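Observations on the model geometry
Here's the letter readout for the chains.
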Amino acid sequence: MIYAYLRVSSDKQDEDNQKLGVDELSENLNLKIEKYIIDHSVSGTVRSENRNLGILLKKAKEGDVIIVSELTRISRKI
């Protein structure tokens, strides 16, 4: 399964720019995104278990791919 994870941390942001980036990357890699997982108005400092990211990480299996626009979308504490 190919996932795209998008996270916007404020009302002033929207996921459209991130979506464009992950769509372009997936196309360049010849991958078709099957599901978008989005966290709205959530800081990257919030634990993944308290975000949609946590659900995604529990659901993902070996061989699945998660595409993000940049690593800070996953966490500010990498």
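Placed above this text is the structure.
**Description of helix H1 (residues 16-28)**
- Under the 1.5 Å per step criterion, the end-to-end length of H1 is 18 Å for 13 residues, consistent within 8% with the ideal 18 Å.
- Those residues of H1 that sit buried are Gln18, Val22 and Ser26. The arc that holds every buried residue of H1, seen down its axis, measures 65°, which confines them to one face. In this structure, H1 carries Asn17, Leu20, Glu24, Glu27 and Asn28 as exposed residues pointing more than 90 degrees from its buried face.
- Turning to H1, the residues buried within the fold contact strand E1 (2-8), strand E2 (35-40) and strand E3 (65-67).
- Positive backbone phi, approximately 60°, marks Asn30, located one or two places after H1.

**Section: the side chain of Glu15**
- Its place among the elements puts Glu15 in the loop between E1 and H1.
- One buried charge, Glu15, has no salt-bridge partner; the nearest side chain with opposite charge is Lys19, at 8.7 Å.
- Contact partners of Glu15, with chain neighbours within four places excluded, come to Leu6, Val8, Ile38 and His40.

**Brief notes about helix H2 (residues 52-59)**
- Regarding H2, the residues found buried are Leu53, Gly54 and Leu56. Axial view of H2: buried residues confined to an arc of 160°, hence all on one face. Opposite the buried face of H2, at more than 90 degrees from it, the exposed residues are Ile55 and Lys58.
- On the buried face of H2, the contacting elements are E1, E2 and E3.

**So, the environment of Lys61**
- Examined against the element boundaries, Lys61 turns out to sit in the loop between H2 and E3.
- Taking the relative accessible area as the measure of exposure, Lys61 reaches 63% and is therefore exposed.

What counts, and at which threshold
Residues numbered from 1 in each chain as written. Predicted model: local features only at pLDDT ≥ 70, side-chain atom pairs only at ≥ 80, totals over all residues. Heavy atoms only, no water. Helix = DSSP H or I, 4+ residues; strand = E, 2+ residues; numbered from the N terminus. Expected span 1.5 Å × (residues − 1). Buried < 20%, exposed > 50% of the residue type's maximum accessible area, 1.4 Å probe, protein only. Arc of directions from axis to C-beta. Contact = heavy atoms within 4.5 Å. Lys, Arg positive; Asp, Glu negative; His and termini not counted. Salt bridge = Lys/Arg side-chain N within 4 Å of Asp/Glu carboxyl O.

None of the figures reported here should be taken as evidence of function without further support.
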